[in-house]
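# Residue-level structural notes
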Amino acid sequence: QGQLVESGGGLVQPGGSLRLSCAASGRIFSPYTMGWYRQAPGKQRELVATMTALGITDYLDSVKGRFTISRDNAKDTVDLQMDNLKPEDTAVYYCNAYNNYYAPPHDIWGQGTQVTVSS
């Protein structure tokens, strides 16, 4: 029923900044936990940042202090502000919406957007 579409990826230099956006549709956004995940070539997908419907956040240790997740329920969007980017941040970034109230839980993924950090 729901759909997530990411945008804002691209090529940046180490130390630079990038802002990713995720647009949601299908009445899934406001009650869900929203998150950003990433997957680098040859590596497992990992959680980067999440925010619950009440605004509680969680971050991957290696991005704390550099990345900030935010959501705008009126616009059905969730953003990831990425500062002081490092080459190891290079990955495809995916937007996620999760709600375990349902059986089975609702777990919705976007198609991903490429982030490349290189000089």
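Anyway, here's the lowdown on the structure attached to this text. Within any chain, residue numbers begin from 1 and follow the written order of that chain's sequence. Two thresholds apply to this predicted model, a pLDDT of at least 70 for residue-level local features and 80 or more for giving and counting side-chain atom pairs, whereas whole-chain, interface and lining totals are computed over all residues. Side-chain descriptors were evaluated using all non-hydrogen atoms of the structure, hydrogens and water having been removed beforehand.

## Focus on the overall build of the chain
As a reminder of what qualifies: What counts as a helix is a DSSP run of H or I of at least four residues, what counts as a strand is a run of E of at least two, and both are numbered from the N terminus. Both definitions apply: the radius of gyration is a C-alpha atom measure, and the globule rule equals 2.2 Å times residues to the power 0.38. Throughout, a contact is declared for two residues whenever any of their heavy atoms are within 4.5 Å. Residue-level accessible areas treat just the shown protein chains as cover; the underlying method is Shrake-Rupley with a 1.4 Å probe. The charge count includes Lys and Arg as positive and Asp and Glu as negative, but it does not include His or the ends of the chains. For charged residues, the charge sits on one atom: NZ in Lys, CZ in Arg, CG in Asp, CD in Glu.
Within the chain, the regular secondary structure consists of zero helices and 11 strands. Going from the N terminus to the C terminus, the chain shows its helices and strands as β-β-β-β-β-β-β-β-β-β-β. Taken against the 2.2 N^0.38 rule, which gives 14 Å for 119 residues, the C-alpha radius of gyration of the chain at 14 Å falls within 12% of a compact globule. Judged by the C-alpha coordinates and their principal axes, the chain covers about 45 × 30 × 25 Å. Counting only contacts in the chain whose residues sit at least 6 apart along the sequence, the fraction spanning at least 24 positions is 55%. If you sum the accessible surface of the chain, you get close to 6500 Å²; carbon and sulfur atoms cover 48% of it. Each charge class in the chain was averaged separately, 10 positive and 11 negative side chains, and the resulting centres sit 0 Å apart.

## Considering unusual backbone geometry
Peptide bonds are mostly trans, and most non-glycine residues show a negative phi. The test is simple: Exposure is judged per residue with a 1.4 Å probe applied to protein chains only, and the accessible area is read against the type maximum: over 50% gives exposed, under 20% gives buried, and values in between give partly exposed.
Of the consecutive residues Ala-103 and Pro-104, the connecting peptide bond is found in the cis state with omega at 0°. Position of Pro-104 among the secondary structure elements: in the loop between strand 9 (91-99) and strand 10 (106-109). The backbone of Asp-76 sits at a positive phi, close to 55°, despite the residue not being glycine. Mapped onto the secondary structure, Asp-76 falls in the loop between strand 7 (67-72) and strand 8 (77-82). Look at Asp-76 and you get partly exposed, because its relative accessible area is 31%. Despite not being glycine, Asn-84 has its phi angle at roughly 50°, a positive value. Counting through the fold element by element, Asn-84 comes out in the loop between strand 8 and strand 9.

## Focus: the state of the cysteines
Heads up, the rule is: Note on terminology: disulfide denotes any pair of cysteine sulfur atoms within 2.5 Å.
In the structure shown here, the tally under the stated rule is one disulfide. Paired through a disulfide, Cys-22 and Cys-95 show a sulfur-sulfur distance of 2.1 Å. Residues Cys-22 and Cys-95 share a disulfide whose torsion about the S-S bond is about -85°; that sign makes it left-handed. Of this pair, Cys-22 sits in strand 3 (residues 18-25) while Cys-95 sits in strand 9, placing them 73 residues apart in sequence. Considered together, Cys-22 and Cys-95 belong to a single accessibility category, that of buried residues.

## Let's talk about the sheet that holds strand 1 (residues 3-7)
Just so we agree on the cut-off: Following DSSP output, two strands are said to pair if at least two bridges run between them. Here, axes are lines fitted to C-alpha atoms. For helices the fit covers the stretch in contact, and angles between N-to-C directions go from 0 to 180 degrees.
Spatially, four strands are ordered 1-3-8-7 in an open sheet, and the strand pairing comes out antiparallel. With one partner strand each, in any of the chains shown, strand 1 and strand 7 form the two edges of the open sheet. Taking the axes of each pair of neighbouring strands and ignoring which way they run, one obtains an average angle of 15° across the sheet. Here six bridges tie strand 3 to strand 8, and the two strands are oriented antiparallel to one another. Looking at strand 8, one finds that Leu-18 is bridged to Met-82.

## Remarks on the pattern of salt bridges
As a reminder of what qualifies: Throughout this description, the term salt bridge denotes a Lys or Arg side-chain nitrogen within 4 Å of a carboxyl oxygen of Asp or Glu.
Under the definition given, this model contains five salt bridges. One salt bridge in this structure joins Asp-89 and Arg-38, with 2.9 Å as the shortest N-O distance. Of the two residues, Asp-89 is situated in the loop between strand 8 and strand 9 and Arg-38 in strand 4 (residues 33-39); the sequence distance between them amounts to 51 residues. Assessed through its relative accessible area of 0%, Asp-89 is described here as buried.

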